[in-house]
Each structure stands twice: as C-alpha cells, then as structure tokens.
Amino acid sequence: MTQDLTKEVQRRYHRLLEEGANPNEWAYAWRSEYNRGGFKAVDFLMEEVVNPGKCIGCAACLTICPVDVFDYVNEKPQDSRNSACVFCELCVDACPVLRPTDTDLPRQMQLREPSIDDGFGPYAYAVLARTTREYILNEGQDGGICSALAIHGMQTGAFKGVVVGNEDPDNPQMGYAQLATTPEEVLVSARSRYSYQPNTLALVEAMEQGIAPLAVVGVPCQVDGVRQQQFSSIRLDVAEWYRKNIVLVIGLFCSEAFTEAGIDWLAEDLGVPKRDITNINIKGRLEIKLRDGREETRSLKAFGKFARPACLYCMDYAADNADIGLGGIGLNGWTFTVIRTEAGHRAWQALLEAGWVETKELDEAPKSKELLVRLSRYKRNRPLPALMPTHLEREAIGNLDPKHYYRGWEDGCSAKDWRPLPPPPPKKKKTKSKSEESTP
Ligand SMILES: Cc1cc2nc3c(=O)[nH]c(=O)nc-3n(C[C@H](O)[C@H](O)[C@H](O)COP(=O)(O)OP(=O)(O)OC[C@H]3O[C@@H](n4cnc5c(N)ncnc54)[C@H](O)[C@@H]3O)c2cc1C
Ligand code: SF4
Ligand code: SF4
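Residues numbered from 1 in each chain as written. Chains lettered and ligands numbered in written order. Predicted model: local features only at pLDDT ≥ 70, side-chain atom pairs only at ≥ 80, totals over all residues.

1. Overview of the pairing of strand β10 (residues 295-299)
Here is step 1: The buried fraction of β10 amounts to 0 of the 5 residues, a small share that puts the element mostly on the outside.
Here is step 2: Bridge analysis of strand β9 (residues 285-290) against β10 gives 5 bridges, and the strand direction is antiparallel. Bridged to Leu286 within β10 is Arg298.
Here is step 3: Connecting β9 to the antiparallel partner β10 that follows it, the hairpin turn spans 4 residues, and Gly293 within it adopts a positive phi of roughly 95°. (Buried ≥ 20, exposed ≤ 12 C-beta atoms within 10 Å, placed from the backbone. Helix = DSSP H or I, 4+ residues; strand = E, 2+ residues; numbered from the N terminus. Pairing = 2+ DSSP bridges.)

Structure (structure tokens):
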C-alpha cells in the first residue's frame, strides 16, 4: 500500500514532466498528498534524485528531516534509517533538483526595492569591495568580504553563529561543515576550497544547540536548499526554526566544484604532498600557493576534467537567492558584492558604517560584470535537472563534464534548443609515419 502510493506520486510527477506542465506546478505531485497523510517521500527522493546520480549534495533533505532518516556519505544522502520516515514530505519539498524554487520566493526573501535583474539574479545594488580590516583581508580568498560580514555580525550581536566550512589540515583543499560561534572560528574558515564542502550540515547542530540568530555561508546549491527549507509550504517545526532563525544567507558565486581526484592530480603534478597546497584561486587559471611560500600556476583547462559531474544539475551561478552574493570573478583582491534583499542591505550598511570596507564602482571592472552575466546564462538557461539525462545516460554518451555538456548556450539560446554535445570521436589508432617506419 505504502509502496503503491509512492509509485503513484512518482507517476503523477512524471506525467507532469512529460505533459510539459509549468515546472512551478510539479510540486503538487507530492503536496497534494500532504493533507491525506503523506507518502514515503524518502523512497521517492532516492529513486528520483540520488540513485540516478542527480543529487548535487546540498544536504537540505538531511537537515530538514525531523526524524534523522539520512546520513551524509560521499557528497550525498544515504537513507540509513529509511523505516523511520514519518511521511512528512519535507525532504522532497526541500530538494532543489526536483523543481525550481517557488514563485513567491522573492516576496518571502524580501528583495530590496527597486530590484533589477541584469542577468545574475535580482539585486538592488552591487559594488566591488574589500575589507579594511587587514587581518581579515590577509586570510580572505578575494576581498575578505564574506568573513568581514560574518565577523562583524558576530561582534555586533546580529548573529550568534555562522554556518561555514573549515579545511582539513591534512588536505587543506577539502573542507567540512562547521558551526562557527566565535570570530576566530570564522577567520580560520576563510578562503575557498574548490571541492564540495557541505556547510549546511552544520544547521542541525545549530538547531540542536539553539544557536541563533544564524548566518549561513554557502555555494548556490546550498543557498537554494536553505531557502527551500525556510519557505517550504509544508509548515512544520523544523522549517519554522530555519525561517525564524536564519537571518542572513551569504552566497558564493559558483561555476562548478571539483573532485578530490583533482587535488590528488595537482599534488602529483606539483610534486608536493596534498597538505602543502595551502590555497588555490581560480582566475582564468589556477593560482596555487604552497606551504613553503612558492606560488605556481596551472591551466584551468587541464584541471577542468575533474569538475564534479553532479554540478550539471545546478542552475544557479550567482547565488540568486542569497541575501548577498559574492564572487571573485576575474578580480584581484576584491570581491564582487551583490546586495539582493533587505537583510543583505542591513548587513552591508552596518559594515559600511563601521568603516570595515572600501568600495569601487562596477564600471571599474566592466569585464567582470560581463563574465558574470555570461556564466549565469549558461547555468540558468539549461534544461531543468528533472529533464536532464541521468549520470548513467551521460556516462553512456561519454560526457560527464558539467561545463561542456550542452552546446548553444554561448549564443543565449533557449533551453529547448539546447543539445547535448556529441560524444568525443573514437581515438584513431596511431599509424606509424614513413619516417618512423624507417627508423631502426
Ligand atoms: C566551490 C567554489 C566555487 C567558486 N566558484 C566561483 C566562480 O566560478 N566565480 C566566482 O567569481 N567566484 C567563485 N567562488 C567564490 C570565491 O572563490 C570567493 O568565495 C568569493 O569571492 C568570496 O571571497 P571573500 O574573500 O569575500 O571570502 P572569504 O572571506 O575568504 O570567505 C570565504 C567563505 O567561503 C567558505 N567556503 C570555502 N570553501 C567553500 C566551499 N567549498 N563550499 C562552501 N563554502 C566554502 C568559507 O568557509 C568562508 O566562509 C567559488 C567558491 C567556491 C567555494
Ligand atoms: S540535491 Fe540536496 S536535497 Fe536533493 S537529494 Fe541531494 S542532498 Fe538531498
Ligand atoms: S556548481 Fe552548483 S551544485 Fe556544483 S558546487 Fe556549485 S553551486 Fe553546488
């Protein structure tokens, strides 16, 4: 009976996809069951998202689950306590892969007016910025704005905890989720690790310990997962807690993350142990800092083969649903700072008034804005993840690269015109040249 109902919800969902229904209505496939006692949503989530390899790892299903059904293993949820499911449907409702965010999200987020969208999400104003606090700037990835916002908010009491990530001391390019409760903890979490770091797992700890108000730092998939949790139309206590207590969401621009195999490859290529790669910054190429003070560069193209396949299923580059979006986008020592909401505006103004930042107009780096629009377009114009092929199907055509799966995006074509890139031509057998043949 339980299984039948889950299958029925799945059939309903697929019917909506096949009929070309408005994607904002897809959620009714499961929401219509809620008042009838729900269904075993964990099975639906595993079959539609996790097993087909479409999970982007945002951890929203795990942190919203009121009965702790999931563990987080290898960048995705594992339904270790499947039978504990209480049919609340929250995990499915919070998953950004199953559907686009609700149309009333901009109102819920309280965008600051007048709000415009130049192609990288709604925003009120944007500047290039860097912090004047040298101790933060020295640790920051770009202009240290993310850490400055977090530390200033903590010092003024605007938040008691900040969900960030921290580096693994033996492999500093890999990170783990951390709930920072002191400015010192925020500071050590600074810089970017271009691998996948599930910051939002720390939300559970914050809720369990009642640490609030909270700020959250995350890449766009995590920002979307947080918003889906806060504003889920299934109004249960967990969602309510996040809605009330997360007061600032800071989003980092993100083209894609990379796998740990990429770090292994880099360490080997540089001839150093992984723990000696202290920082990587991507500015058209990889700019690498080593523990002994050396600085190296490597081609981004070569590193690109380690892009995380799951990132194909992500539609957001500029953290469109954050209160503040931040990125380094071709800048050196400055952060491209986009203020989107009232909460973002309040946090930003507090930083400005305290004299913690200096700013420049966007016109001083016109190429950065152009690039931001272009990279955002590639992600937002893709077909929605539910309509994309599964990991296995991509494997079969020989293309797991999230950045070069579709073609046509450069021209800004619409999703229906997009085509997967053809599989690479079979490698020709190397035939010996005449001169080789004559060499003994
Ligand atoms: C995986 C990844 C991909 C990115 N891709 C782009 C891009 O394509 N274009 C672009 O312009 N900018 C990108 N960024 C953002 C950029 O690297 C900087 O984070 C941003 O400019 C803010 O710099 P800052 O000096 O203000 O931040 P800082 O003050 O240094 O603070 C950085 C914050 O990021 C958090 N963090 C570090 N690594 C991760 C991670 N893997 N996942 C989640 N949080 C993390 C830290 O905990 C810290 O709170 C990316 C960041 C990440 C993590
Ligand atoms: S994408 Fe996020 S919410 Fe969806 S299954 Fe994966 S971790 Fe869970
Ligand atoms: S590309 Fe998307 S899914 Fe991948 S890490 Fe960045 S925000 Fe997450």
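2. Structural notes on the nonpolar core
Here is step 1: Counting residues in each nonpolar core, the largest one holds 121 residues, and the members touching the most others are Leu45, Cys61, Cys91, Cys95, Val162, Val163 and Ile250.
Here is step 2: Each of domain 1 (2-94) and domain 2 (105-378) gives at least three residues to this core. (Core = buried A, V, L, I, M, F, W, Y, C linked by C-beta atoms within 7 Å. Domains from an automatic or database assignment.)

3. A word on helix α3 (residues 41-50)
Here is step 1: For α3, the tally of buried residues reaches 9 of 10 residues, placing the bulk of the element in the interior.
Here is step 2: Listed as buried for α3 are Ala41, Val42, Asp43, Phe44, Leu45, Met46, Glu48, Val49 and Val50.
Here is step 3: Close packing links the buried residues of α3 with α1 (2-18), α2 (28-34), α4 (60-64), β2 (76-78) and α5 (90-94). (Contact = placed C-beta atoms within 7 Å.)

4. Focus: the domain arrangement of the protein chain
Here is step 1: Considered domain by domain, the protein chain is made up of domain 1 (2-94) and domain 2 (105-378).
Here is step 2: Computed from C-alpha coordinates alone, the two centres of domain 1 and domain 2 are separated by 28 Å.
Here is step 3: Taken together, the contact pairs 21 residues of domain 1 with 22 residues of domain 2.
Here is step 4: Element by element, the count of residues in the side of domain 1 that touches domain 2 is highest for α4, at 4 residues.

5. Details of the sheet that holds strand β13 (residues 357-360)
Here is step 1: Spatial strand order, β5-β4-β6-β7-β11-β12-β3-β13: 8 strands in an open sheet with mixed pairing. The strands lining the two open edges of the sheet, one partner per strand, are β5 (171-180) and β13. If you compare each strand with its neighbour and ignore which way they point, the axes differ by 30° on average.
Here is step 2: Inspection of the sheet shows strand β3 (residues 125-131) paired to strand β12 (residues 335-339) by 5 bridges, in the antiparallel sense. Each bridged residue has a counterpart across the sheet, and for Ala129 the counterpart in β12 is Thr335. (Axes fitted to C-alpha atoms, helices over the stretch in contact; angles between N-to-C directions.)

6. Quick word on the site of ligand 2
Here is step 1: Inspection of the region around ligand 2 gives 17 residues, with Cys55, Cys58, Ala60, Cys61 and Cys95 positioned closest.
Here is step 2: With 3 residues, the top contributor of residues to the shell around ligand 2 is α3.
Here is step 3: When its residues are assigned to classes, the shell around ligand 2 shows 14 nonpolar, 2 polar and 1 charged. (Near = placed C-beta within 6 Å. Nonpolar A, V, L, I, M, F, W, Y, C, P; charged D, E, K, R; others polar.)

7. Some details on the sheet that holds β9
Here is step 1: A sheet is described by the order of its strands in space; here 3 strands give the open sequence β8-β9-β10, paired in antiparallel fashion. Across the chains shown, the open sheet's two edge strands, defined by having one partner strand only, are β8 (277-282) and β10. In this sheet, neighbouring strand axes are inclined to one another by 25° on average, regardless of whether the strands run parallel or antiparallel.

8. A look at the environment of Gln178
Here is step 1: With respect to the element layout, Gln178 can be found in strand β5.
Here is step 2: Along the primary structure Gln178 and Trp30 are separated by 148 residues, whereas in three dimensions their C-alpha atoms are 33 Å apart.
Here is step 3: Once residues lying within four places of it in the same chain are set aside, the contact partners of Gln178 are Val164, Gly165, Asn166, Glu185, Ser189 and Ala202.

9. With respect to the site of ligand 3
Here is step 1: Surrounding ligand 3, one finds Ile56, Tyr196, Val219, Pro220, Cys221, Cys254, Glu256, Ala257, Arg308, Cys311 and Cys314.
Here is step 2: Here the shell around ligand 3 is built from residues that sort into 9 nonpolar, no polar and 2 charged.

10. Quick notes on unusual backbone geometry
Keep in mind that most residues, glycine aside, have a negative phi and that most peptide bonds are trans.
Here is step 1: Geometrically, the link from Glu113 to Pro114 is a cis peptide bond, its omega value of -5° lying close to zero.
Here is step 2: Its location among the elements puts Pro114 in the loop between α6 (105-109) and β3.
Here is step 3: Across the junction of Ala212 and Pro213, the peptide omega takes the value 0°, indicating a cis bond.
Here is step 4: Take Pro213: it is sitting in the loop between α10 (202-209) and β6 (214-218).
Here is step 5: Of note in the backbone geometry, Glu89 takes a positive phi value of approximately 75° without being a glycine.
Here is step 6: Structurally, Glu89 is set in the loop between β2 and α5.

11. Focus on the packing of helix α8 (residues 145-156) against helix α15 (residues 342-353)
Here is step 1: As a packed pair, α8 and α15 sit with axes 10 Å apart at the nearest point and diverge in direction by 85°. Taken together, the axis directions place α8 and α15 in an arrangement best described as roughly perpendicular. Counted together, Ala148, Leu149, His152, Gly153 and Thr156 of α8 and Ala347, Ala350 and Leu351 of α15 form the full contact between these two elements.
Here is step 2: Considered class by class, the residues forming the contact of α8 with α15 number 5 nonpolar, 3 polar and no charged. (Parallel < 35°, antiparallel > 145°, perpendicular 65-115°, else oblique.)

12. A look at α15
Here is step 1: When the terminal C-alpha atoms of α15 are compared, their 16 Å separation across 12 residues agrees well with the 16 Å that a helix rising 1.5 Å per residue should span.
Here is step 2: Among all positions of α15, only Ala343, Gly344, Ala347, Trp348 and Leu351 are buried. Looking straight down α15, one finds its buried side chains confined to an arc of 125°; they lie on one side. Exposed and facing more than 90 degrees away from the buried side of α15 are Gln349 and Glu353.
Here is step 3: Phi turns positive, to about 75°, at Gly355, one or two residues after α15. (Expected span 1.5 Å × (residues − 1). Arc of directions from axis to C-beta.)

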